[in-house]
Amino acid sequence: MNLILFTFIVLLGFTSYYFGRKKAYTIQSTKKRLTALPQFYGYYLAIWCAIPAFIIFSLWAIFEPTIVKLLILSDYSNQGYLDDELNLLYEKSKALSRGQFTGEITPFIEASAEKYLSLRSIAQSSKVVIVLSAIIASVAYAYKRISSNSRTREPVEKFLNAVLFTASLAAILTTVGIVFSLIFQTIDFFKVIPLFDFVFGTHWYPAKAFVRDSSEALDPTMYSDTFGAVPIFAGTFFIAFIAMCVAIPIGLMSGIYLAEYASTKVRQYAKPLIEILAGIPTVVYGFFAALTVGPFLKELGTSMGLEVSAESALAAGGVMGIMIIPFISSLSDDVITSVPQSLRDGSYAIGATKSETIKRVIFPAALPGIVGSILLGVSRAIGETMIVVMASGLAANLTLNPLESTSTITAQIVVILIGDQAFGDPKTQAAFALGMSLFLVTLCLNIVALRVVKKYREKYE
Amino acid sequence: MNKNKEQLLNKRYKAEQRFRLYGLSAIFMALLFLTIFIFKIFSTGYSAFQKTWLIVPVTFDAELMMLDQNPSKEDLQDADYYDIALKSMADLDPNANEDQENELKRMVSYFFEKEIKNELLNDPNLIGKTKEVYLTASDDLDQVFKGNYPRDLPEDQRRVSDYQLKIFDQLVTNGKVESKFNISFFTNADSREAELAGIASSFMGSIFSILVCLMIAFPVAVLAAIYLEEFAPKNRFTDFIEVNINNLAAVPSIVFGLLGLGVLLAIFHLPRSTPLVGGITLSLMTLPTIIIAARASLKAVPPSIREAALAMGASRMQTTMHHTVPLSMPGTLSGTIIGLAQALGETAPLILIGMVAFVNTIPGSPMDPAASLPVQIYIWAESAERGFVEKVSACIMVLLGFLIIMNLFAQIIRHKFEKKWS
């Protein structure tokens, strides 16, 4: 229904474009000068068609459900129902009217389902009538108004400008959406679990917080010693540390080699090949780590008499490091190439070898940029999910032994939220609280890294 | 003194060579990882494209199927095939006792009844006759036949019994086991049985998600890029937008999953597990990537183009829409494709919005529950059955194939259509 209406409105828009342009041609044929190209008259009318349609559509989308609900529930008012019961009744009759209801059908619900259907159809038909009449009225008004000296280009361009501006707000809206989705659950979580216990507690067993009914949910003693995030944070940074131990030397050295030593031919092939590593989906790395690297390390460890967990932090961290190599190598390559040639020439002129020049002149000059690229790599490592979920343990051990298994923030979020979630359960809220801490940590890293890189670029540009 | 100098020089040259070697070996290591990686995936995955069939003689006994004389098409549809299916498996070994008959039945997939039915529906004249029918082998036998399954384990540690192996070997020597290209891997939806599981449902799920993502992210991102690059005044607010975009590009993907869960599912009540929600979540993630690419390619259009248009009397909007934007399109499009390729490989946010549900139907629209290719990889990788390991690798090969095609496409657009200024 909505789709048909929408198509119809789009057709109306095209028609008004046609009429606007036609009117412009008519004016032109009377030898009057137009103030804008004829198609602007068309666009002008089309916009007058689109704006009322958009306004009415969005008003309807916002208010229709609330009003229908109020009207249906007005039947039940003064009968001593609680709010929750009323909501349930409403949802039941809605489901029944769609034929998706599977519970016991009472006459009450049946009656409101029928009422719901009739209200919906009234709402639909009044929407059609109102939208169409509003469009026709506004287009007719605008059509009357355009004459030889009316301005059409300026309003059309202003409108376009407004559309462009709105689109650019999408980035801000996304950030707001992220904060919004995280913050309420996080606040609710900290109402039950004290912030202190979360940040400094050393036991993380969310499975213990299994809530059977809502009376238990608010009993704080039940959650003592279940949501201490220290093992999680420690595991996250530990795995990230292992990853960086692999990624920094290999990434940095290959970046230096590509920038300073490699011939154009080697560079031409090696650089895209290394960058393939960045394009491989993380779930593939996870599979590789879980199926190949984990068992391999375990066997290697056993042959040397060491006890290695099949889901060791080393396997997850190592594979994660491989994933991060291309980020560090291509960023540091860029950074090193943008160091001005004069610095190199100066160093060669006093007799330094190439490696001495790199170590003593270029590296210090490029250091801020390299630090920035490493920080971006760290932020990637902390936020990486699938490798850890598949290759590292899911139990949160507080350990610094790379051969044991640990868990990370991202892995815990997935473990908690996979399957069905009950909002309002502290376990679910804990996942959002972890998400919030992840967001804040990566946000700080990103801001610092981006600022450092930007400062560095400005210095040599 | 002179000797000392020479020694020092030698030392310095050696250090130079060592440093160079470090660099070379770093590159070598990175490429080695890549090779091991691809080799491992291909060597475990290529066998999934073959499927093992048992050729079993089936007697279409009208009595066992409870059919009358001259059955109609509907009768054939509703007939009972289980008994003849069971009988034809049991007939493989005439001396089998009841337990052994059960084991014989488990040598083929539970789909065998349907396969026999399809045979008869294709040729109704078969009633009363015997024909050799291709039946899908169970995944354990499939693995045995492909050599992926150790036969020398003690019997209680493997899923195939000695008896099944004996019968299977007889079939092999009689040439009644055949390996063919595995079409069902591409046409079947997911299944709990490895031998029947296919990627059709997750593939459609991926396609729908990517389409939704493209339809939302591309227009919004291009419009935003045009505003920021061509019209935005330089002030605090636009700086703030820029900081936001750069940050969003580096926010971990799982946070977008939380956004999808907390806003799209919990507040807007969009249907769970659907490519619609997945696509919207992915579009928020790809938005900054496309904006950054589009801005870069708008920036690359030389000012002379704009100046020429303005000098001819075009307004700023006309200059942008008629000249700058079309010239920047190749770069924008290739950036978009790269962003979509990233979105195609994304797993974590889709898991959070419930796209890991077991779906054994092929979705027909973005509003139907579905998985996606990377999520399918995750689901299969988590299952214990051996038959899924090669499926995972094969699914990875399909996914990597798509990513390579998309990236090549992006390269081609960039090189073929982008104008080189200067």
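Note that this is a predicted model, so its numbers are computed, not measured.

(A) Summary view of the overall build of chain A. A tally of helices and strands in chain A yields 17 helices and zero strands. For chain A, the C-alpha radius of gyration of 32 Å lies well beyond 23 Å, the compact-globule estimate for 461 residues. With the C-alpha coordinates aligned to their principal axes, the bounding extent of chain A is approximately 85 × 75 × 35 Å. Taken across its 461 residues, chain A has 40% of its residues classed as buried.

(B) Geometry of the environment of Tyr81(B). Residue and element names in this part refer to chain B. In this structure, Tyr-81 sits in the loop between helix H2 (73–78) and helix H3 (82–90). Through-space distance from the C-alpha of Tyr-81 to that of Leu-31 is 55 Å; in sequence the pair is 50 residues apart. Discounting chain neighbours no more than four positions away, the residues touching Tyr-81 are Met-65, Glu-113, Ile-116 and Lys-117.

(C) A look at the interface of chain B and chain A. Counting residues at the interface gives 62 residues for chain B and 67 residues for chain A. Every element with two or more residues in the side of chain B that touches chain A is listed here: helix H1 (2–45), helix H9 (200–231), helix H10 (236–248), helix H11 (253–265), helix H12 (275–299), helix H15 (348–352), helix H16 (373–382) and helix H17 (387–417) of chain B. If you tally residues by element for the side of chain B that touches chain A, the top one is H1(B), at 17 residues. Across the side of chain B that touches chain A, the residue classes break down as 48 nonpolar, ten polar and four charged.

(D) Representation of the sheet that holds strand E3 (residues 177–181) of chain B. Residues and elements named next belong to chain B. Reading across the sheet, the three strands line up as E2-E1-E3 and stay open at both edges, with antiparallel pairing between neighbours. Single-partner strands in this sheet number two, and they are strand E2 (130–136) and E3. Averaged over neighbouring strand pairs, the angle between their axes works out to 40 degrees when direction is ignored. With seven bridges joining them, strand E1 (residues 50–59) and E2 adopt antiparallel strand pairing. Counterpart to Ile-55 in the pairing with E2 is Tyr-134. Along the sheet, helix H6 (residues 139–146) makes contact with E1 and E3, crossing E1 at roughly 120 degrees.

(E) Region of the structure containing the packing of helix H13 (residues 341–349) of chain A against helix H14 (residues 354–383) of chain A. Residues and elements named next belong to chain A. The N-to-C vectors of H13 and H14 enclose an angle of 155 degrees; their axes lie 10 Å apart at closest approach. Between H13 and H14, the angle is such that the two are roughly antiparallel. When the axes of H13 and H14 are compared, the crossing they make is right-handed. When H13 is examined against H14, the residues Leu-343, Arg-344, Ser-347 and Tyr-348 are found in contact with a partner set consisting of Thr-357, Val-361, Ile-362 and Ala-365. When grouped by side-chain class, the residues that make up the contact of H13 with H14 number five nonpolar, two polar and one charged.

What counts as what
Residues numbered from 1 in each chain as written. Chains lettered and ligands numbered in written order. Predicted model: local features only at pLDDT ≥ 70, side-chain atom pairs only at ≥ 80, totals over all residues. Helix = DSSP H or I, 4+ residues; strand = E, 2+ residues; numbered from the N terminus. Rg over C-alpha atoms; globule rule 2.2 N^0.38 Å. Buried ≥ 20, exposed ≤ 12 C-beta atoms within 10 Å, placed from the backbone. Contact = placed C-beta atoms within 7 Å. Nonpolar A, V, L, I, M, F, W, Y, C, P; charged D, E, K, R; others polar. Pairing = 2+ DSSP bridges. Axes fitted to C-alpha atoms, helices over the stretch in contact; angles between N-to-C directions. Parallel < 35°, antiparallel > 145°, perpendicular 65-115°, else oblique. Left-handed = near helix turned anticlockwise from the far one by under 90°.

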